[in-house]
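# Descriptive analysis of the structure
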Amino acid sequence: MNQHLHFRKAESTDAPAITMLINSAYRGESSRAGWTTEADILEGLRTSAKDVQLLIESENSMILICLDGNDLLGAICLEKALGAVHLGMFVVNPILQGKGLGKKLLNTAEKLAQQVWDAEKLQMHVITIRYELIAFYERRGYQRTGVLIDFPVNPSVWQPKREGLRLETLEKIIKC
């Protein structure tokens, strides 16, 4: 990775590459090259090209991508919600994780949420047993809310390898 990083909102033509990156970083053997893998707790896909396309085209969401030249290195989805902007599908190429790219991408997404939607609060949902991921977000100013929901069921796309998975809402206030 060189220092020619640039960030931009994803376009429809980016959907296949974003989908491939997300699925390779979250699930399967390729995800084990990074520290954010879910391969031990979930199998199947994280998302589909159709879902990514819908997020890109919606006026209430966008996907921010990080590029080095034409190489896609990372992405994060921002969705406008009632009283907050939800961040999700945050991904960095597994072989580039741990080099500070995720911090830059998250920081850029937070600024974009403020610029585009005048966001005052950011939220995300994290699997509760992903302790190292929760710690990463806490170091970035996110706080655990104690709000828990059962992990969503979507057997046509993914299957849990463990029973009782739950998501916790983390949030960060970015304006007073």
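Read on for an overview of the structure. The structure displayed is predicted, hence computed values, not measured ones.

### Brief notes about the overall build of the chain
Along the backbone of the chain there are four helices and nine strands. Over its C-alpha trace the chain gives a radius of gyration of 15 Å, about what one expects of a compact globule, namely 16 Å for 176 residues. Along the first, second and third principal axes, the C-alpha atoms of the chain reach 40 × 40 × 30 Å. In the chain, which comprises 176 residues, the share counted as buried stands at 45%. Looking at the chain alone, contacts between residues at least 24 apart form 67% of all its contacts between residues at least 6 apart. Summing over all exposed atoms, the chain offers an accessible surface of approximately 9,300 Å²; the carbon and sulfur share of this is 51%. On the chain, the mean spot of the 21 positive side-chain charges and the mean spot of the 21 negative ones are 5 Å from each other.

### Thoughts on the packing of helix H1 (residues 15–26) against helix H2 (residues 49–57)
The N-to-C vectors of H1 and H2 enclose an angle of 120°; their axes lie 9 Å apart at closest approach. What the angle tells us is that H1 and H2 run oblique. Of the two possible hands of crossing, H1 and H2 adopt the one that is right-handed. Residues Ala-15, Ile-18, Thr-19 and Ile-22 of H1 form the contact with H2, whose participating residues are Ala-49, Val-52, Gln-53 and Ile-56.

### Some thoughts on unusual backbone geometry
Glycine aside, negative phi is the norm for most residues, and most peptide bonds take the trans geometry. Positive phi is not limited to glycine here, since Met-89 has a value of about 45°. Counting through the fold element by element, Met-89 comes out in strand S5 (residues 84–92). Judged by relative accessible area, Met-89 falls into the buried class, the value being 9%. One non-glycine residue with positive phi stands out, namely Asp-118, at about 50°. Here Asp-118 shows up in the loop between helix H3 (101–117) and strand S6 (121–127).

### A few points about the nonpolar core
Judged by nonpolar contacts, the single largest core of 29 residues is most densely connected at Ile-76, Leu-78, Val-85, Leu-87, Leu-106, Tyr-137 and Tyr-142. Broken down by element, this core gets its largest block of residues, seven residues, from H3. The contact partners of Leu-87, leaving out residues within four places of it in the chain, are Ile-76, Cys-77, Leu-78, Leu-106, Leu-122, Gln-123, Met-124 and Tyr-142. Ala-10, Ala-25, Ile-65 and Leu-72 belong to the second largest nonpolar core, which has 18 residues in total.

### What about the pairing of strand S3 (residues 61–68)?
A regular strand places its side chains on the two faces of the sheet in alternate fashion. Among the eight residues that make up S3, eight are buried, leaving the element largely enclosed by the rest of the structure. Residues Ser-61, Ile-63, Ile-65 and Leu-67 line one face of S3 and the alternating positions Met-62, Leu-64, Cys-66 and Asp-68 line the opposite face, and both faces are buried. With eight bridges joining them, S3 and strand S4 (residues 71–81) adopt antiparallel strand pairing. Following the sheet pairing, Met-62 is matched in S4 by Leu-78. Taking the residues between adjacent antiparallel strands as the criterion, S3 and S4 are bridged by two residues, where Gly-69 takes a positive phi near 65°.

### Here we look at helix H4 (residues 131–139)
For H4, the full list of buried residues reads Leu-133, Ile-134, Phe-136 and Tyr-137. Projected onto a plane normal to the axis of H4, the buried residues spread over an arc of 155° and lie on a single side. Residues of H4 that are exposed and point over 90 degrees away from its buried face: Tyr-131 and Arg-139. Next to the buried residues of H4 lie S5, H3, S6, strand S7 (143–150) and strand S9 (166–173). With its phi angle positive at about 95°, Gly-141 sits one or two positions after the end of H4.

What counts, and where the lines are drawn
Residues numbered from 1 in each chain as written. Predicted model: local features only at pLDDT ≥ 70, side-chain atom pairs only at ≥ 80, totals over all residues. Heavy atoms only, no water. Helix = DSSP H or I, 4+ residues; strand = E, 2+ residues; numbered from the N terminus. Rg over C-alpha atoms; globule rule 2.2 N^0.38 Å. Buried < 20%, exposed > 50% of the residue type's maximum accessible area, 1.4 Å probe, protein only. Contact = heavy atoms within 4.5 Å. Areas by Shrake-Rupley, 256 points an atom, 1.4 Å probe, with all protein chains shown as cover. Lys, Arg positive; Asp, Glu negative; His and termini not counted. Charge placed at Lys NZ, Arg CZ, Asp CG, Glu CD. Axes fitted to C-alpha atoms, helices over the stretch in contact; angles between N-to-C directions. Parallel < 35°, antiparallel > 145°, perpendicular 65-115°, else oblique. Left-handed = near helix turned anticlockwise from the far one by under 90°. Core = buried A, V, L, I, M, F, W, Y, C linked by side-chain atoms within 4.5 Å. Pairing = 2+ DSSP bridges. Arc of directions from axis to C-beta.

These values are about where atoms sit, not about what they do.
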